[in-house]
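These are the residues of each chain, in order.
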Amino acid sequence: MKSQDAILKALYDVISGPAGTPRDWQRFRSLFYPGAQLIPLVKPPGATTVGARPITPDDYVTWGQESTATHGFFEKEIARQSHAFGALVQVMSTYEARGTQDGPLIAKGVNSIQLFNDGQRWWVMNIFWIDENTAGLKVPKDLTQK
């Protein structure tokens, strides 16, 4: 990807779509640098603390193929804060998710996305995220301002 905007737009676009519509998983995989991870923060049923569950892009594809067969999912960025130093960029990307394009909100949270530029293009190195339900609190105002 030639720009940070382009890779972030592609990341949200490729995972979004109606139930039963196959996603472009090759495109999804192409966004990630080898060895990249996706790390959702989760709270298992009955747990009182949050834990991290690192997965690979391929793990996400396996889960996504199963989930999107029967469930629509539309995630969009609503605010972004970026900090850069050379080829390293840290993006705090606030998102909203819905089951249909204009349906009710099913999740709101923050993706902490690390990007890397190898001199040729931008890559996703890691995505670390938590939603309001798991966090047990609302996304702070400073992360909802554009």
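Quantities reported herein were computed from a predicted structural model and do not represent experimental measurements. Each residue is numbered by its place in its chain's sequence as written, counting from 1. pLDDT decides what is reported in this predicted model: residues at 70 or higher carry local features, side-chain atom pairs at 80 or more are listed and counted, and totals for whole chains, interfaces and linings draw on all residues regardless. Each side-chain value is worked out from all heavy atoms of the structure, with water and hydrogens disregarded.

Draft legend 1. The sheet that holds strand 2 (residues 51-52), seen in detail. Strands qualify as paired when DSSP identifies two bridges or more between them. Helix numbers and strand numbers start at the N terminus; a helix is a DSSP run of H or I with at least 4 residues, a strand a run of E with at least 2. In space, the six strands of this open sheet follow the order 2-1-6-5-4-3, with mixed pairing throughout. Both outer strands of the open sheet, strand 2 and strand 3 (74-85), are each paired with one neighbouring strand and no more.

Draft legend 2. Quick peek at the pairing of strand 6 (residues 122-131). In terms of strand pairing, strand 1 (residues 32-42) meets strand 6 through five bridges, oriented parallel. Across the sheet, the residue bridging to Gln37 is Asn126, located in strand 6. Inspection of the sheet shows strand 5 (residues 105-117) paired to strand 6 by nine bridges, in the antiparallel sense. Bridge pairing in strand 6 links Asn117 to Trp122.

Draft legend 3. Spotlight on the nonpolar core. Each nonpolar core is a collection of buried residues, namely Ala, Val, Leu, Ile, Met, Phe, Trp, Tyr and Cys, held together in the definition by side-chain atoms within 4.5 Å. Partly exposed describes any residue whose relative accessible area lies between the buried limit of under 20% and the exposed limit of over 50%, with all areas from a 1.4 Å probe on protein chains only and scaled to the type maximum. Grouped together as the largest cluster of nonpolar side chains are 25 residues, with contacts concentrated most on Phe28, Phe32 and Leu115. Two residues form a contact once any of their heavy atoms are found within 4.5 Å. Ignoring sequence-local partners within four residues, the contact set of Phe28 consists of Leu11, Val14, Ile15, Leu38, Pro57, Tyr60 and Val61.

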